[in-house]
Structure formats: structure tokens, C-alpha cells
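What follows is each chain in one-letter form.
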Amino acid sequence: MSTVIALLGFVALVFAQPAAPAQDDAKVWSHYEAWVAALPALPPGERVAQVDRYVQQLVSEGVAKDEATRRFERINVIRRASSAREMVYWNGSFKSGGGPDAPLQLLQETVRHLKPGRAIEPGVGRGRNAIWLAGLGWDVTGYDIAKDALTAAQAAAKRAGARISTVEGNHDTFDFGTAQWDLILCAYCYMDIDDPRWPLAFARALRPGGVVVFQTSLNPRRSVAELAAIWKDFHILRAEDLDAGMESNDWAPSRTVPTARLVARRK
């Protein structure tokens, strides 16, 4: 009997011990940041989900797969704390071939009616839209916070026989200028379509008759009437407020949250 009691006491003691504490955010981010810096970029055309590459790395270091997955989920939260962290995340994503390959459908449907001119794409990423526009004769500039995105974009442009200009920059500091552009494309680039500063900045930056093409996931959603009110100084050529999941052939967030689409011409 005493042996059984002793054994039960030992089991109770084991289960009473607190679980090993999860690594704190600073350590998790520091490890991830170093991993991204050393991560080799995949060849153009190849793609492996960043989460799979990072989880595989952690598992090779002896971390349990469930814990490795949890850490990446945490990275997806804490990266949003600053633009510097977002830059690290997107460098990792674009080194892994992240993002759609085909140009935005809304862009394709819009530019068939436009004469080629000068275009700017904030958050150009790997260059899928910019390269497509360049192939149609547009003079295209794109900027991004992620250096590795720009490297990938230039490599893809060279392979496609296209020429695009790329600049390292972010939305808060990039100078769109005055009467510089015939087309501004914002495609899932972390610009908010309901932010009142963009209609003002874009109206100034566009040449007369210039067009904005804007598509993004948006939560909370905005109705077509609300979008039209925000962009009231433009001629609204097209505005759509789509339920989650209605847009399924572009960036993944639109599969789970509403999507806003806007095509507007400067008055």
C-alpha cells in the first residue's frame, strides 16, 4: 500500500509542475529575424510557404512541431507592431516565392481601356503587376519596404524581358509628387482604401484623367456608398463591396474577410 501511495504522490508531483514557459516575444522575434537574414531566396518560379520553411528549421533545432507552429503564429501577430518588423516578415515571404503570380484581375479589366503612360505601384512585391504593365508599354515604378521583394521583382522582370523601376520605400515617406502619374495601383499593399489621406495624395499625384485601381481586404467593411463618399473628388468608374470568399483568386485574406474594389478617375 505504501508503495502505491508513494507512486501516486510522485505522479501528482509531476503533473503539478508548471509547464515549461513559452519563449517570450523578444526571443521568438530575434530568432526569426536572424533566420530570415540567412534564408536563401528560392529561384524565380519556385514557391514554398514561409511557415513551412520556418517550422522545418525549428524542428531541425529540436523544437516540437506544435511549438514551432505556435511560434510562427505568434510571429504573425507581433510583426504588426512596426514597419521594421513587417519588412522582415515580407523579406521572408518574398524569399520563399510568396504572393500570387498572375496580375490582378481588376487591373487587367481596367487597363484594356487605357492608353499606356506612367504608373506607380505601392507595395510592388515580386512585381507581378508591374511586369505585366511594362509588357503593355507602361513606364512603371514600384516601391516596397522589403529589399528582397525588389530583388525578386527585378529578377522576374529580367526573365520576362521587361524593364521596371524599383525603389525601397514605405507609404508614410514615399513622395508621390504632383501630376506625375497616369495610373496608381494599390493591390493588397497595406494601404487602407478608407484612409482619407490617399484620395488627397492621389488627386495631387495623378495627371488629369489619371486613374486609381485599388483592391484590398477590408475589415470592418465599407459599403459602396461609403467608398464613393470617401473618394468623392474622383469620378467613380467601379466600386464593389464583396463578401468574404467572393474573391478567391488573389491574396488569401480576401477568402476570410470582405474585399473592397475601386476604380476612380481624377476629375
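Above this text sits the structure in question.
In short, a report on the structure. Remember, it's a predicted structure, so these values are computed and weren't measured experimentally. (Residues numbered from 1 in each chain as written. Predicted model: local features only at pLDDT ≥ 70, side-chain atom pairs only at ≥ 80, totals over all residues. Heavy atoms only, no water.)

Before going further, it helps to spend a moment on the sheet that holds strand β6 (residues 234-242). As summarised here, the arrangement of the seven strands in space is β3-β2-β1-β4-β5-β7-β6, forming an open sheet in which the pairing is mixed. Edge positions in the sheet fall to β3 (165-168) and β6, since each of these pairs with one other strand and no more. Averaged over all adjacent pairs, the angle separating strand axes in this sheet is 10°, with direction ignored. By the bridge criterion, seven bridges tie strand β5 (residues 206-217) to strand β7 (residues 259-266) in an arrangement that is antiparallel. Residue pairing for β7: Gln215 is matched across the bridge by Arg261. Here helix α7 (residues 128-135) sits on the sheet and contacts β1 (118-122), β2 (139-144) and β4 (181-187); the angle it forms with β4, its principal contact strand, is near 150°. Running at roughly 145° to β5, helix α9 (residues 197-205) makes contact with β4, β5, β6 and β7 of the sheet. (Pairing = 2+ DSSP bridges. Helix = DSSP H or I, 4+ residues; strand = E, 2+ residues; numbered from the N terminus. Axes fitted to C-alpha atoms, helices over the stretch in contact; angles between N-to-C directions. Contact = heavy atoms within 4.5 Å.)

As a further point, take the side chain of Thr110. Position of Thr110 among the secondary structure elements: in helix α6 (residues 105-111). Taking the relative accessible area as the measure of exposure, Thr110 reaches 9% and is therefore buried. Discounting residues that sit within four places of it in the chain, Thr110 has contacts with Val211, Val213 and Val263. (Buried < 20%, exposed > 50% of the residue type's maximum accessible area, 1.4 Å probe, protein only.)

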